[in-house]
Amino acid sequence: MAHPEGPAGIFDRVADTYDAVGVPWFEPIAAGLVEELAVGPGEHVLDIGCGRGAALRPLALATGPGGRAVGIDLAPRMVELTARDLADLPQVTVAVGDAREPEFPPGSFDVVSASLVLFFLPEPATTLGTWASLVVPGGRLGTTTFGAQDERWRSVDELFFPYLPPALLDARTSGRGGPFASDAGMEALFVGAGLTEVRTVTRDVEAVFRDAEHLVAFTRSHGQRAMWDAVPPDERDAMHARVVDLAASLTDDTGRLALGQQVRYTLGVAP
Ligand SMILES: C[S@@+](CC[C@H](N)C(=O)[O-])C[C@H]1O[C@@H](n2cnc3c(N)ncnc32)[C@H](O)[C@@H]1O
């Protein structure tokens, strides 16, 4: 998905609230990737599109002080805040960098990871090839993308559809088309990038909200903020009311409001 204003813009604006509204989301998603990549002490790791460090922190803890964990992100505010948050880990470097052209020599890393990033990039196949070249022979590359979405969550997104420009329509990047639509599509991208031992792991992740307003706050705190921004300012109060009403109808008899998402981990090994 090519973002109309460029992803750095929206992510710069949400950096301060990103993953900080009390809904564990990016960390549990990244945890699956970190687990599958099985980083060991002393390894050199690159986390592309590191955001607020959901993957970078556990990767850095896994490499330990004898390793190296580099995070790059296009959004300067993300980089600033994550560098501050991880300042206690000497093995970590966080820098502004473009996922399409990471400025590292070939074979610089034992592991390259990118959690919820690849679908923002206009040429994922080419970019994946670039990432694969950064991995040493026998090293691992892993990405996280979205699998099937909870129909109830989709009903929230659908409220915004009339306002969204075409480039945002597939923005949940559930990928109803293209390589992000299936395990096989992602695996084909990996194989095309020259990776071997390509495999997929899926997990179900649930976002749990205190109430309807908490759901609204969550949707405004990350990339979905672009959906709110697409609504004309004089219609936002009405949209807010519609989301709150819908959230009430999605709340179960015990008062629990939780929406699920299948997460797809695609993994490969550099030849
Ligand atoms: C959905 S967030 C995921 C962040 C983090 N990996 C996580 O799991 O929480 C996507 C991130 O990719 C970054 N991003 C988007 N396009 C990028 C690009 N071309 N180069 C580097 N980072 C990019 C955004 O700034 C944002 O921080």
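Above: the structure in question.
Residue numbers here run from 1 along each chain, matching the order of that chain's written sequence. Only residues with pLDDT of at least 70 are given local features in this predicted model, and only at 80 or more are side-chain atom pairs given and counted; all residues enter the totals for whole chains, interfaces and linings. Water and hydrogen atoms were dropped before computing side-chain values, which therefore reflect all heavy atoms in the structure.

Chemist: Hey, could you run me through unusual backbone geometry in this one?
Modeler: What you tend to see is this: most non-glycine residues have negative phi, and most peptide bonds are trans. Even without being glycine, Ala38 reaches a positive phi, approximately 45 degrees. The way it works is that DSSP assigns letters per residue, a run of H or I at least four long becomes a helix, a run of E at least two long becomes a strand, and they are numbered from the N terminus. One can find Ala38 in the loop between α2 (26–37) and β1 (44–48). Positive phi is not limited to glycine here, since Leu116 has a value of about 60 degrees. Examined against the element boundaries, Leu116 turns out to sit in the loop between β4 (109–115) and α5 (124–133). Throughout this description, buried means an accessible area under 20% of the type-specific maximum (1.4 Å probe, protein chains only), exposed means over 50%, and partly exposed covers the range between. Owing to a relative accessible area of 8%, Leu116 belongs among the buried residues under this scheme.

Chemist: Any chance you could explain the environment of Arg264 here in plain terms?
Modeler: When you line up the elements, Arg264 lands in strand β7 (residues 257–269). Between the alpha carbons of Arg264 and Thr202 there is a distance of 4.6 Å; along the sequence they are 62 residues apart. Here a polar contact is taken to be a pair of N or O atoms separated by no more than 3.5 Å, where protein atoms must pair a possible hydrogen donor with a possible acceptor and residues adjacent in sequence count only if both atoms sit in side chains. A distance of 3.0 Å separates the side chain of Arg264 from the backbone oxygen of Phe180, its partner in a polar contact. In terms of polar contacts, Arg264 uses its side chain to reach the side chain of Asp183, at 2.6 Å.

Chemist: Please explain the sheet that holds strand β5 (residues 135–149) as it appears in this structure.
Modeler: The strands making up a sheet associate through backbone hydrogen bonding, with each pair oriented either parallel or antiparallel. What makes two strands pair is DSSP finding at least two bridges between them. The sheet built from 7 strands is open, its strands ordered β3-β2-β1-β4-β5-β7-β6 with mixed pairing. Both outer strands of the open sheet, β3 (92–96) and β6 (196–209), are each paired with one neighbouring strand and no more. Looking at each pair of strands side by side, their axes are set apart by 20 degrees on average, direction ignored. Pairing of strand β2 (residues 68–73) with β3 involves 5 bridges; the strand directions are parallel. Bridged to Val70 within β3 is Thr93. Only heavy atoms matter for contacts: two residues are in contact if any of them lie within 4.5 Å across the pair. Axis geometry follows a simple rule: fit a line to the C-alpha atoms, using only the stretch in contact for helices, then measure angles between N-to-C directions, giving values from 0 to 180 degrees. Strands in contact with helix α6 (residues 151–160) are β5, β6 and β7; relative to β7, the strand with the most contacts, it is inclined by about 100 degrees.

Chemist: What is the right way to read the packing of aromatic side chains from this model?
Modeler: Two descriptors summarise a pair of aromatic rings, namely the distance from one centre to the other and the angle between the planes of the rings. Each aromatic pair joins two rings of Phe, Tyr and Trp (for Trp, the six-membered one) with centres within 6.5 Å, and gets the label stacked for planes under 30 degrees apart, edge-to-face for over 60, and tilted for any other angle. Inspection of the entire model under this criterion finds 10 aromatic pairs. Aromatic side chains Phe119 and Phe120 sit 5.1 Å apart centroid to centroid with 65 degrees between the ring planes, which places their arrangement in the edge-to-face category. Residue classification places Phe119 among the buried residues on the basis of a relative accessible area of 2%. Exposure remark for Phe120: the relative accessible area of 16% places this residue in the buried category. Aromatic rings pair up to connect Trp25, Trp153, Phe209 and Phe218 into one cluster. Only when the NZ atom of a Lys or the CZ atom of an Arg is both within 6 Å of the ring centre and within 35 degrees of the ring normal do we say a charge sits over the ring. Stacked on the ring of Trp228, the Lys or Arg Arg220 has its end atom at 5.1 Å from the ring centre.

Chemist: Hey, could you run me through helix α8 (residues 183–192) in this one?
Modeler: Residue pairs three or four apart in sequence face the same way in an α-helix, which turns once every 3.6 residues. Gly185, Met186, Leu189 and Phe190 are the residues of α8 that are buried. Along the axis of α8, the buried positions cluster into a sector of 140 degrees, meaning they face one direction only. Opposite the buried face of α8, by more than 90 degrees, sit the exposed residues Ala184, Val191 and Gly192. Next to the buried residues of α8 lie α5, β5, β6 and β7. Positive backbone phi, at 90 degrees, marks Gly194, one or two positions downstream of α8. The arc in question is the one traced by the directions running from the helix axis out to the C-beta atoms.

Chemist: So what exactly am I meant to see when it comes to the nonpolar core here?
Modeler: Only buried residues count toward a nonpolar core. Its members are Ala, Val, Leu, Ile, Met, Phe, Trp, Tyr and Cys residues joined through side-chain atoms within 4.5 Å. Judged by nonpolar contacts, the single largest core of 72 residues is most densely connected at Trp25, Val112, Trp131, Leu141 and Phe209. Looking at this core element by element, the count peaks at 6 residues for α2. Among residues more than four places away in sequence, those in contact with Phe209 are Val23, Trp153, His214, Leu215, Phe218, Leu257 and Leu259. Leu56, Ala69, Leu86 and Leu89 belong to the second-largest nonpolar core, a separate cluster that totals 9 residues.

Chemist: So what exactly am I meant to see when it comes to the packing of α6 against helix α11 (residues 236–250) here?
Modeler: To describe two helices that pack against each other, one gives the angle between their axes and the distance between the axes. One way to put it is that α6 packs onto α11 with a least axis distance of 10 Å and a crossing angle of 165 degrees. In terms of their interaxial angle, α6 and α11 are classed as roughly antiparallel. For the element pair α6 and α11, the recorded crossing hand is right-handed. Where α6 abuts α11, its residues Arg152, Ser155, Val156, Leu159 and Phe160 lie against Met239, Arg242, Val243, Leu246 and Leu250. Its residues assigned to classes, the contact of α6 with α11 shows 7 nonpolar, 1 polar and 2 charged. For classification purposes, an angle smaller than 35 degrees is called roughly parallel, one larger than 145 roughly antiparallel, one from 65 to 115 roughly perpendicular, and anything else oblique. The hand of a helix crossing depends on one turn: near helix anticlockwise from the far one by less than a right angle means left-handed, and clockwise means right-handed. Following the grouping adopted for this structure description, the nonpolar residues are Ala, Val, Leu, Ile, Met, Phe, Trp, Tyr, Cys and Pro, the charged ones are Asp, Glu, Lys and Arg, and the polar ones are all others, Gly among them.

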